[in-house]
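Survey of secondary and tertiary structure
As a plain string of letters, each chain reads:
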Amino acid sequence: MAANTIDEVSVDDLCRAGGGGLTIEEARHIHQLIRQAVSKAKAETGGGGDQLWAREVWRELVSRRVLKPNHPHALHQLVYYSVYARWDASIHGPPLYWFPSLHDSKLTNIGRIMETHGPKLLGSSYKDPIASFNLFRDFTVHHPEVYWSIVLKELAVTFRESPKCILDTTDKSRPGGTWLPGSVLNIAECCLLPSSHPGKQDDCCAIVWRDEGDDDSDVNRMTLKQLREQVILVANALERTFRKGDAIAIDMPMTVNAVIIYLAIVLAGLVVVSIADSFAAKEIAVRLRVSKAKAIFTQDFILRGGRKFPLYSRVVEASPHKAIVLPVLGNDVGIQLREQDISWKDFLAHDNQHPRPNHFTPAYLPIDAAINILFSSGTTGEPKAIPWTQLSPIRCSAEALAHMNVGVGDVYCWPTNLGWVMGPILLFSCFLTGATLALYHGSPLGRGFGKFVQDAGVTVLGTVPSLVKTWKNTKCMEGLDWTKIKSFATTGEASNVDDDLWLSSKSYYNPVLECCGGTELSSAYIIASTLQPQAFGAFSTAAMATGFVILDEHGVPYPDDKVCVGEVGLFPLYFGASDRLLNADHEHVYFEGMPTFKGMRLRRHGDILKRMVGGYLVVQGRADDTMNLGGIKTSSVEIERVCDHVDESILETAAVSVAPPDGGPEQLVIFVVLRKGFDQQPGKLKTVFSKAIQTNLNPLFKVNSVKIIPEFPRTASNKLLRRVLRDQIQHELSVRSRM
Ligand SMILES: Nc1ncnc2c1ncn2[C@@H]1O[C@H](COP(=O)(O)OP(=O)(O)OP(=O)(O)O)[C@@H](O)[C@H]1O
C-alpha cells in the first residue's frame, strides 16, 4: 500500500494522508518524531539493509503514542505500511505491531500463574513470563493434569463432589480422555455464587447493558445478587413445568433476559438448545427436531438498527411446542399468542406465590452431563448438533483467563448470540472469571453500539471480521473514545490486516487477539497471547494445553519449527472437546482416516494452517477450500488476501476453483463485491488480479474469470459460503458445455 519507506515520508505526505484531520504543525511534529524513532532504531540495531530496525521504529512510535485514535485512517495506513514497506516476512516473520512489556506481563493472569508455578515446574529453565512462554505452554501440553489443576483454582468452579483425578486415560474408547471423573456440580450455580478467588461479591456488577435507542441514557447495571434472584425466579417457574433433562430452546437476541433464561435452564438441570435469532423457520424447525426440544423461549419481535423484525411468527411456523414469549419492549407482548403459548409475564406470575421465591436447589449433575446443544455454522455442509457438557464452560473460561487476560475488573463485550458458540463462551467467560458481561440490545453495526462500548467502559471487545469492516467503511465510530479497551478479539473467519489496523488504532494500538476454534472444541485451538508480540491477522500460539501438528499431503507431520502449509491434526486429548454428536457419527467426522502421531490418533478439524517464521499462524480456509492450480496447491484465503487490495473499488473477494465438466486443470474464478458507489469492469479486474497473483503468489497462476455480484452468500453467522459460489459456477459451466 505504501510505495515509500518510512524515512522517505515527507511532511507533505503526512498532511495529504491526514486530510482535514491534521494541521501542518501536527504533521511537522509527527514527522520529527518519526525521524527520531528512525535514528534511534537504526542506532540500536546497526541500521542494516535487513530492515530489522523497522520493527523498532514501529515499537517506538506506538509506545510514544505518536498516532492518535482520532487521526484519519489514511495517516495510520501511511505510517504503518511505510514502516514495513521493505520488510521481508519470509525472513523475519510477519510484521509485528504490538509487544508485551515485562512489567505488564507479570500482572496478567497467565503471567502471574507462571511466576508462581514456573520455577517449580520448569526449574532453572524458567526465566520470566515472556521469555518462558513457549516452554511453559509446551509443559502444559505434556502435563495437562498439572495445568488444569492450577487453572481450576483460578476459576469460580465449585464441585459438589470433587473429581477423583484431573485426567483418566485408561478408557481407550475415549480418545479425548476422561476429564475430572467422578465430579458433580452445577456450572450455572458456579456462575451465580459469590467467590473469594476470583473475587466476586454479591454487589459486584455482573451485567451492564443498554437498549438500542437509549444511547443518551445511563447504562443499566445488574449486580450478581440481582442476577441470581432473577435466575432463581425463572428456574422455579421452569421446574414447575418441565422435567430434569428436558431440552428447552432459546431463540432470541442475547439480551439480559436471554442470559437469565440460559442460566436458569442449566441451574434446573434442563438442557439449553440455543438457536441463533437470524434463522428462518425451516432452520429453526430442523434444530428443534434434532434436539427434541420440549419448549422454546422467544421474543415477539427483534429490534435492530431502528427496524422491527418478526421473530415469534417464525418460531410458530417452526414449532408446535410451547413458546414462552418475551416482549421486545415494555411488559406485554405485542402479538396474539397461540393457545399452547404463554407470555413471559404469565410464565413468571405463578412464581409470585412460591413459598420461598429466592430459593432454589440446583440440579447437581456429573461433569459430563449435557447442558447445551449447539450447532456448528455449517460452512462445510449440514450443521452438526453438538452437546456441550459441564467441561465446556470450564474450557472456554480458562482460555479467556489465560489468553485474553479476562478477569475481575474487566468489562467484556462481544456482539453475538447464544446460538453461536461465542454466546455461551462469552457468558461463562465472564461469570467464571469474575468479569462483567456487557450486552447491547440492538444492532452492533452502528454508532449506538460504539457509544455503548464507550459508556459501559468495555475493556475487552470481541468482533468478527465483517463487523470491523463495516465500522471502518461507514466511519460510524468516529469521535468515540475506545481507549479503555485493553484488547480486542476477533473470530469466525480470517480477519483483514487493514481492518485490524483500523481497529487497533482506536485504542493506541492495543492488540487484536485472533481466535480460531470450533463449536465442538468449546474453545479456540489456535489463539493469541498477551505474553507474545502480535502481528495483524495472525495467531501467535496454540492454546494452553493444546497440541497439534500440520500435516503434509501424505499425512506426515511437518517438524514443529518448520515453515509450512497443511491440514491441522489436533492431539486427541483435549479438555472440553466433544465426544458425541446428536445427528452424525462422531468417530467418522473427527477421527476416521486421520493419521496417528506418536501413538495418538489425531483429531480432525479441517483447517488449512500456514506456519510462518516465528511460529505465527494463519488459517488458509478449510481443507475443502484448497485448490489445485496447475499442479500447485493453494488456498482461497491466500488468493483473496492478494486480490482484496488491488483496486480501490473492491470491498471483498472470494476465490473458488472448479473442475471443467470436460476435464482439464481446475479453473480459478474470483467473485467480487464492489464498494458502494463504485463501478468496475470484470475484464479489467481479471487483468489486475492476474498480475497481482502472479507477482505475489505464483507466476503460473491464471485467473479464468471474474464475476461481480452484489453480495456474498454467507452462513447466518456471516461466514463466507464458498461452496455455494463453487456450485453456482460449476452449474454455469455444465450448462454452457451442454449448449
Ligand atoms: N479467526 C479465524 N480465522 C480464520 N478462520 C476462522 C477463525 N475463527 C474461526 N474460523 C473458522 O471457523 C471454523 C469454526 O467454526 P464452526 O465451529 O462454526 O464450524 P464450521 O466449520 O463453520 O461449520 P461446520 O463444522 O458445519 O463445517 C474454524 O475451524 C475455522 O475454519
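Data block above holds the structure.
Now for a quick tour of the structure. Since this is a predicted model, take the numbers as computed values, not measurements.

**Observations regarding the overall build of the chain**
Assigned secondary structure in the chain consists of 24 helices and 36 strands. Taking 739 residues into account, the globule formula puts the C-alpha radius of gyration at 27 Å, and the chain, at 26 Å, falls close to it. Residues classed as buried in the chain amount to 58% of the 739 residues present. Residue pairs in contact within the chain that sit at least 24 positions apart in sequence constitute 67% of those at least 6 positions apart.

**As for the nonpolar core**
Counting residues in each nonpolar core, the largest one holds 106 residues, and the members touching the most others are Ile207 and Phe431. Of the residues forming this core, the biggest block, eleven residues, is contributed by helix H12 (residues 256-267). Ignoring any residue separated from it by four or fewer positions in sequence, one finds Ile207 in contact with Asn220, Arg221, Met222, Leu227, Val256, Val259, Phe431, Thr436, Leu437 and Leu439. With 66 residues, the next largest nonpolar core counts Leu22, Ala438, Tyr440 and Leu503 among its residues.

**A closer look at the packing of H12 against helix H17 (residues 422-433)**
Orientation of H12 relative to H17, taken along the N-to-C sense of each, is 80°, at an axis distance of 12 Å. On the basis of their axis angle, the class for H12 and H17 is roughly perpendicular. The residues of H17 that touch H12, namely those facing Val259, Tyr262 and Leu263, are Pro424, Leu427, Phe428 and Phe431.

**Concerning the packing of helix H22 (residues 636-643) against helix H23 (residues 682-696)**
Relative orientation of the contacting elements H22 and H23 amounts to 115°, with a least axis distance of 9 Å. On the basis of their axis angle, the class for H22 and H23 is roughly perpendicular. For the pair H22 and H23, the sense of crossing is right-handed. On H23, the residues touching Ile639, Val642 and Cys643 of H22 are Phe689, Ala692, Ile693 and Asn696. Looking at the contact of H22 with H23 residue by residue, the classes come out as six nonpolar, one polar and no charged.

**With respect to the site of the ligand**
Taken together, the neighbourhood of the ligand is formed by 22 residues, with Ser377, Thr380, Asp607, Arg622 and Lys719 sitting nearest. Gly492 has a polar backbone atom sitting 2.9 Å from a nitrogen atom of the ligand. Taking Lys719, its side chain carries an N or O atom lying 2.5 Å from an oxygen atom of the ligand. In isolation the ligand has 630 Å² of accessible area, and contact with the protein removes 92% of it. Counting only elements with at least two residues in the shell around the ligand, the list comes to strand S22 (516-518), strand S30 (603-611) and strand S31 (617-622). Across the shell around the ligand, the residue classes tally to five nonpolar, eleven polar and six charged.

**Structural notes on the environment of Gly213**
When you line up the elements, Gly213 lands in the loop between strand S5 (205-211) and strand S6 (220-223). Given a relative accessible area of 61%, Gly213 falls into the exposed group. In this structure the C-alpha to C-alpha distance between Gly213 and Arg304, which are 91 residues apart in sequence, comes to 9.8 Å.

**Here we look at the environment of Val408**
Here Val408 is to be found in the loop between helix H16 (391-402) and strand S17 (411-413). In this structure, the C-alpha to C-alpha distance between Val408 and Thr433, residues 25 residues apart in sequence, is 6.5 Å.

**Thoughts on the pattern of salt bridges**
If you walk through the whole model with that rule in mind, you get 33 salt bridges. A salt bridge links Glu587 to Arg601, with the nearest nitrogen and oxygen atoms 3.1 Å apart. In this pair, Glu587 is assigned in helix H21 (residues 586-590) and Arg601 in strand S29 (residues 600-601), connecting sequence segments 14 residues apart. For Glu587, a relative accessible area of 32% gives the class partly exposed. Residue class for Arg601 comes out partly exposed when judged on its relative accessible area of 32%.

**A closer look at the pairing of S5**
Within S5, six of the seven residues are buried, leaving the element largely enclosed by the surrounding structure. Pairing analysis gives four bridges linking S5 to S6, with the strands arranged antiparallel. In the strand pairing of S6, Ile207 is matched with Met222. As judged from the five bridges shared by S5 and strand S18 (residues 436-441), these two strands associate in the parallel manner. Of the residues in S18, the one forming a bridge with Trp209 is Leu439.

**Topic: unusual backbone geometry**
The peptide bond linking His197 to Pro198 adopts the cis configuration, its omega dihedral lying at 0°. Secondary-structure assignment places Pro198 in the loop between helix H10 (187-192) and S5. The backbone of Lys598 shows a phi angle near 45°, a positive value even though the residue is not glycine. By the secondary structure assignment, Lys598 is in the loop between strand S28 (596-597) and S29. With relative accessibility at 73%, the residue Lys598 sits in the exposed group.

**So, the side chain of Glu638**
With respect to the helices and strands, Glu638 occurs in helix H22. Salt bridges are absent for the buried Glu638, whose nearest opposite-charge side chain, Lys610, sits at 4.1 Å. Apart from the residues within four sequence positions on either side, Glu638 is in contact with Lys610, Gln620 and Leu697.

**A closer look at the sheet that holds strand S36 (residues 703-708)**
Strand order in the open sheet formed by three strands is S34-S35-S36, and the pairing between neighbours is mixed. Of all strands in the sheet, those with a lone pairing partner are strand S34 (650-658) and S36, marking the two edges. Sheet twist, expressed as the mean angle between neighbouring strand axes with direction ignored, is 25°. Pairing analysis gives eight bridges linking S34 to strand S35 (residues 667-674), with the strands arranged antiparallel. Bridged to Ile650 within S35 is Leu674. Each of S34 and S35 is contacted by H22, which is oriented at about 145° to S34, the strand it contacts most.

**Here we look at the sheet that holds strand S27 (residues 564-570)**
The sheet built from four strands is open, its strands ordered S26-S27-S30-S31 with antiparallel pairing. Single-partner strands in this sheet number two, and they are strand S26 (548-551) and S31. Pairs of neighbouring strands in the sheet enclose a mean axial angle of 40°, with direction left out of account. For S26 and S27, the ladder comprises four bridges, and the chain directions are antiparallel. Bridge pairing in S27 places Leu551 opposite Glu567.

**Section: helix H20 (residues 497-505)**
Here H20 lies mainly inside the structure; eight of its nine residues are buried. Taken together, the buried residues of H20 touch helix H4 (73-83), strand S1 (96-98), strand S19 (460-463), helix H19 (465-474), strand S20 (487-490) and strand S21 (512-514). Between the side-chain oxygen of the N-cap and the backbone nitrogen of Asp498 there are 3.0 Å, and the N-cap of H20 in question is Asn496.

**Remarks on the environment of His29**
Position of His29 among the secondary structure elements: in helix H2 (residues 24-45). A relative accessible area of 45% means that His29 is categorised as partly exposed. Spatially, the C-alpha atom of His29 lies 36 Å from that of Asp216, the residues being 187 residues apart in sequence.

**Overview of the state of the cysteines**
Counting across every chain of the model gives zero disulfides. Take Cys430: it sits in no disulfide, and the sulfur closest to it among the cysteines is that of Cys413, at 9.2 Å.

**Focus: the side chain of Thr490**
Structurally, Thr490 is set in strand S20. Not counting the four nearest positions on each side in its chain, Thr490 is found in contact with Trp414, Thr463, Val464, Pro465, Ser495, Asp500, Val512, Leu513, Glu514 and Cys515.

Reading the values: the criteria
Residues numbered from 1 in each chain as written. Predicted model: local features only at pLDDT ≥ 70, side-chain atom pairs only at ≥ 80, totals over all residues. Heavy atoms only, no water. Helix = DSSP H or I, 4+ residues; strand = E, 2+ residues; numbered from the N terminus. Rg over C-alpha atoms; globule rule 2.2 N^0.38 Å. Buried < 20%, exposed > 50% of the residue type's maximum accessible area, 1.4 Å probe, protein only. Contact = heavy atoms within 4.5 Å. Core = buried A, V, L, I, M, F, W, Y, C linked by side-chain atoms within 4.5 Å. Axes fitted to C-alpha atoms, helices over the stretch in contact; angles between N-to-C directions. Parallel < 35°, antiparallel > 145°, perpendicular 65-115°, else oblique. Left-handed = near helix turned anticlockwise from the far one by under 90°. Nonpolar A, V, L, I, M, F, W, Y, C, P; charged D, E, K, R; others polar. Near = heavy atom within 4 Å. Polar contact = N/O pair within 3.5 Å; in protein donor to acceptor, adjacent residues only side chain to side chain. Areas by Shrake-Rupley, 256 points an atom, 1.4 Å probe, with all protein chains shown as cover. Salt bridge = Lys/Arg side-chain N within 4 Å of Asp/Glu carboxyl O. Pairing = 2+ DSSP bridges. Lys, Arg positive; Asp, Glu negative; His and termini not counted. Disulfide = S-S within 2.5 Å.

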